Each structure stands twice: as structure tokens, then as C-alpha cells.
Amino acid sequence: MNYWNPNDQQFWESKGKKIASRNLWISIPNLLIAFSVWQIWSVLSLQLIDAGFNYTTEQVYSLTAIPALTGALLRIFYSIGVTYTGGKTWTVLSTLILLLPVLGISIALNNPNTPYTTMALLAALCGFGGGNFASSMAAIGPFFPKTKQGSALGINGGLGNLGVSLAQFLIPIVISIPLFGALGGEPQTIQNGTESTQVWLQNGALIWVIPIIAFAFLAFFGMTNLPLEKPKLASQLEVFKGKHMYLITILYIMSFGSFIGYSAAFPLLIDGEFPEINAVQFVFIGPLLGALGRPLGGYFADKFGGAKVSIIDIILMVIGIIGVIFFIDENSRSFIGFFVSFLLLFATGGIANGSIFTMFPIIFGPQESPAAIGFASAIGAFGGFFIPQLFGFSIQHTGNVNLALYIFISYYVLCAIIIWYYYARKHAEIPIDTLENQ
């Protein structure tokens, strides 16, 4: 293909729409499987200690956090790399590389004497899945006209985020049965009082091998490398000269970072706070609400204003955390209250993700917006590292998670102040909601 201009109406209707649609619907399952691999440890970590792996609670929390750290770092390179290789080539390679962590984890889980450093390295490799978001969004955007890019990116990102829910729904099922027979290896035995249960933790990694190969194959034969001008690195880095790059990054950590961080930590928190509740089969509901909330946040932002929606949403997130604190207190302890409070956090985190995302083109304009999105999403993903780490640190040093929760409240209040001062008040530097309605 030698020509691509989706803003040319005749080209779009005659040829471009079909190609763009095909690439979008192939990109989605590749991104979905990447998110699933990224979040493997959010479920597998639950039973590591009971299965005979000699790790501390803080180390187990770290295993859920490390993929977010490497995923965040990789997003910076992925957002740039895809612009040089093309969307098809990058999607194929970035999907196939996910075989490294899933095969490595399946081998390591067959041996309870596997050193923690090995597990930590394998957790780091799961970060490849997190990097895929930046490259996927950068690859899909240019396929669509400017008037349709928002919807296309919302569909790609929103459905891709469902990979978190898929992992947390599917893994508890497959580790409970000898799905791969002798090929999968020996089971681990978990002792619960006088009863013992066999699990196949390695199945939680092996289950992704066939989808990875299948979706990479689909991308190779169905996607397209667009004939676009290769951007200069210097021009992409211009966005870092302005303070709003850093302000919006703080806000993106609040929104996407909360979603991915709580997704990683939620199963462990339930297990730690309510060990009598077997909640592993429905923890996926939280990330599901977060993923579905993303397009809803974009819709509300278009209708009522991105800054206004974001501030209201942050207030609801603070209420959610206050609810969590209240319902884990020994005097008002309630699993239902705790669970509903966390569902509110997931839903509002997803809505905030969508509403904050609509602020990028207004703040940065059409030229700098893609680079700003790529880099902010990279830094924002660090929330997935810090949230589980803070929970683990809080438990290790204070005996409960309250310290971490109070830190989150403080951070959310800071974000609300930033939005109000710079983007929402009457004489704001960039009055987002006013500009949206012009």
C-alpha cells in the first residue's frame, strides 16, 4: 500500500473504512491477551505460599506489582517503536514475545523450590503485556479519520482492558483441573486444616500459549503496515517542555493507575482481609466494571465536560476508599460492604480513565496529543506497581492496609485540586469544559 489518507472521504468510503475496521478488530484480541498476561500474577500469587513456595507476604504482593513496573517502562519504548516498524509488524512481534513469560512461569511453578528472584524476573517479563497498550493505541489511531479516532481508540482500549477480567475469571477455573494432563506437570497440594486440595498453578500460564500464537498469526495475515512518515524522535519529545505534560500524567496515574493497581491487588486484599471468603471466582467483576466504565467516562465527558466529570468522579473514589476503611474495621467488618466499596472504586476509576483521556487533545492539540497520550499512559501504569507495593508495605509495617488507603485519599484530593485549579475553575489556565463546548 502506497497511499493512506482516511480524512479523504472518497478514499475512506471506498477502501479505508474496510481496512481500518479489519485492523481494529484484529488489534483488540491481541491487546486483550496482552492485558491477560500482564495480570497473571494477580491470581496466581494467591496460592503460592499455601502451595509450598517459601515467600513472604510482601514478596507475594511484589509479584503482583513488578509486571506493572516493567509494563510502564516498556510503554515508553513501545509508543515510539511502533511508529518506525508499523502496526502489523509490531503487533505480531509484541504478541509472540508473550510466550517467554507464560512458558517460563509454567516451568517455574512446577518446582516449589524455585528461587524468588526467578519468579520476580518472570513477573517482570509479564510487563511485555503492559507495554502493548501504548503501541496498540498508537498503531490504531492513524487508521481512522480524526472525527472517528476517539471512538476507535475507546473501543480498542476498552475491550483490550477486558483482558484483566478474563485472566481473573479464567485462571481460577483452569488451575483447579488437570487441563493439560501429563504435559502440564504435577499438581501442587494445598492443605486446609484436615482437607487437602490439588491445584495446577502452571495452567494459569499455559492457558495463554495457544491464543498468543493464534492472535499473532491473525495479525500477520490480516493487519496492515501503513505508509506513514516516520516521526522524528525530537518532535515527539517536545511535549515534555510544558508543565501540563506532568500535570496530566499525575491525573492519568490517578485514573488508569488506580484501575490496574487495584486489579492486581484486589484478590490478595480479599484473601488477607476476609480469609473465610472464597472470593476468587468473582474478583473479575471489579476490573470488568473498570473496563466498561472507560467508554462511559468518555460519554459523560462529551456531554457534561471532562474536568467536571473527573472532579465528581474523584469525590466518588474517595467515598469508595472511606467505605473500604470502614468495612475492614473490626467494629464494622462486612465483606459485602468492602466488596461494594471496591466495586465503586473500580467503576469510578474506569470512568475517570475515560474522562481524563478526553482532556488530552484539548490540552495538547492534534500534533502533540498522540505523544502525550503515549508517555502519560506509560507513566500512569506505574500506579499498577505502587498500589500493590503500598498495600504490601502497609501490611508488613503496620499490620493492616489503612496507611496505604489514607495515602490514596491524599493523592486523589491532590488530583481534584489540580483539575479544579488548572482546568475547571472560571479563570483556569486551560478551561477544559468551556473549550469542549465551543
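Notes on the structure in this doc start here. All residue numbers refer to position in the chain's written sequence, counted from 1. The predicted nature of this model means local features are confined to residues of pLDDT at least 70 and side-chain atom pairs, given and counted, to a pLDDT of 80 or more, with totals for whole chains, interfaces and linings taken over all residues. Here the side-chain values reflect all heavy atoms present in the structure, with hydrogen atoms and water set aside.

**Observations regarding the overall build of the chain**
The secondary structure listing takes helices from DSSP runs of H or I that are at least 4 residues long and strands from runs of E that are at least 2 residues long, numbered from the N terminus. Regarding its fold elements, the chain presents 19 helices and two strands. Taken along the three principal axes of its C-alpha coordinates, the chain extends 70 × 50 × 35 Å. Going through the 438 residues of the chain one by one, you find that 57% of them count as buried. Only heavy atoms enter the contact rule, under which two residues are in contact if any of them lie within 4.5 Å. Summarising the internal contacts of the chain: among those between residues at least 6 apart in sequence, 83% fall at separations of at least 24. Computed with a 1.4 Å probe, the accessible areas rest on the Shrake-Rupley method; for each residue, only the protein chains presented here act as cover. Counting only carbon and sulfur atoms, one obtains 65% of the accessible surface of the chain, whose full area is about 18,400 Å². Burial classification: accessible surface area is computed with a 1.4 Å probe over protein chains only, and a residue below 20% of its type maximum counts as buried, one above 50% as exposed, and the rest as partly exposed.

**Quick word on the side chain of Ser 355**
The residue Ser 355 is located in helix α15 (residues 335–357) in this model. Owing to a relative accessible area of 0%, Ser 355 belongs among the buried residues under this scheme. Those residues within four positions of Ser 355 in sequence are excluded, and the remaining contacts are Gly 297, Gly 298, Ala 301, Gly 306, Val 309 and Ser 310.

**Describing the pattern of salt bridges**
Whenever a carboxyl oxygen of Asp or Glu lies within 4 Å of a side-chain nitrogen of Lys or Arg, that contact is scored as a salt bridge. Tallied over the full model, the rule gives three salt bridges. Taking the shortest distance from any N to any O, the salt bridge between Lys 17 and Glu 13 comes out at 3.1 Å. With a gap of four residues between them, Lys 17 and Glu 13 both fall in helix α1 (residues 9–38), about one helical turn apart. Put simply, Lys 243 and Glu 429 hold a salt bridge, and the shortest N to O gap is 2.9 Å. Here Lys 243 is found in helix α12 (residues 243–273), whereas its partner Glu 429 is found in the loop between α18 (402–424) and α19 (432–436), with 186 residues between them in sequence. Under the relative-accessibility criterion, Lys 243 is labelled partly exposed at 41%.

**Quick look at helix α4 (residues 87–96)**
When we look at burial in α4, the residues that qualify are Gly 87, Trp 90, Thr 91, Val 92, Ser 94 and Thr 95. Looking at the buried positions of α4, the neighbouring elements they touch are α1, α3 (57–85), α5 (99–108), α7 (127–140) and α10 (209–222).

**A short note on the side chain of Ser 165**
The topology assignment puts Ser 165 in helix α8 (residues 146–174). Classification of Ser 165 by relative accessible area gives buried; the value is 5%. Whenever two N or O atoms come within 3.5 Å, that pair is a polar contact, provided that in protein one can donate a hydrogen and the other can accept it, and provided that, for residues adjacent in sequence, both atoms are side-chain atoms. Side-chain polar atoms of Ser 165 contact the backbone oxygen of Phe 284, separated by 3.2 Å. Excluding residues that lie within four positions of it along the chain, Ser 165 makes contacts with Phe 284, Pro 287 and Leu 288.

**Digging into the packing of helix α17 (residues 383–398) against α18**
Helices that pack against each other are described as a pair by the angle of their axes relative to one another and the distance between those axes. Here an angle of 0 to 180 degrees is reported between the N-to-C directions of two axes, which are lines fitted to C-alpha atoms, with helices fitted over the stretch in contact. Where α17 meets α18, the closest approach of the two axes is 7 Å, and the angle between their N-to-C directions is 140 degrees. On the basis of their axis angle, the class for α17 and α18 is oblique. Where α17 approaches α18, its residues Ile 387, Leu 390, Phe 391, Phe 393, Ser 394 and Thr 398 are matched on the opposing element by Asn 402, Leu 403, Ala 404, Leu 405, Ile 407 and Phe 408. Just so you know how the angles are binned, under 35 degrees is roughly parallel, over 145 roughly antiparallel, 65 to 115 roughly perpendicular, and the rest oblique.

**So, the packing of α12 against α15**
Following both chains from N to C, one finds α12 and α15 inclined at 150 degrees, their axes separated by 9 Å at the closest point. Comparing their axes, α15 and α12 come out roughly antiparallel. The chirality of how α12 crosses α15 is left-handed. Contacts between α12 and α15 involve Ile 248, Leu 251, Tyr 252, Met 254, Ser 255, Phe 256, Phe 259, Tyr 262, Ser 263, Phe 266, Leu 269 and Ile 270 from the former and Phe 335, Phe 338, Phe 339, Phe 342, Leu 345, Phe 346, Gly 349, Ala 352, Asn 353, Ile 356 and Phe 357 from the latter. The classification used treats Ala, Val, Leu, Ile, Met, Phe, Trp, Tyr, Cys and Pro as nonpolar, Asp, Glu, Lys and Arg as charged, and all other residues, Gly among them, as polar. Classifying every residue of the contact of α12 with α15 by side-chain character gives 19 nonpolar, four polar and no charged. The sense of a crossing depends on the near helix, which, turned anticlockwise from the far helix by less than a right angle, makes the crossing left-handed and, turned clockwise, makes it right-handed.

**Observations regarding the packing of aromatic side chains**
Any two of the Phe, Tyr and Trp rings considered here, Trp counted by its six-membered ring, make a pair once their centres fall within 6.5 Å; the pair's planes then place it as stacked at under 30 degrees, edge-to-face at over 60, or tilted in between. A complete count under the given rule lists 39 aromatic pairs for this structure. Between Phe 220 and Phe 221, the ring centres sit 5.0 Å apart and the planes meet at 85 degrees, which makes this aromatic pair edge-to-face. Under the relative-accessibility criterion, Phe 220 is labelled partly exposed at 44%. Relative accessible area serves as the criterion here: at 59%, Phe 221 is assigned to the exposed category.

**A closer look at the nonpolar core**
Grouping buried Ala, Val, Leu, Ile, Met, Phe, Trp, Tyr and Cys residues that are joined through side-chain atoms within 4.5 Å yields what is termed a nonpolar core. Counting residues in hydrophobic clusters, the biggest one holds 136 residues, and the most contacted among them are Trp 41, Trp 208, Tyr 262, Phe 338, Phe 391 and Tyr 423. For this core, the element with the most residues is α12, which contributes 15 residues. In this structure Trp 41 touches Leu 48, Leu 63, Thr 64, Pro 67, Ile 105, Leu 109, Met 119, Leu 122, Ala 123 and Cys 126, once residues within four positions along its chain are discounted.

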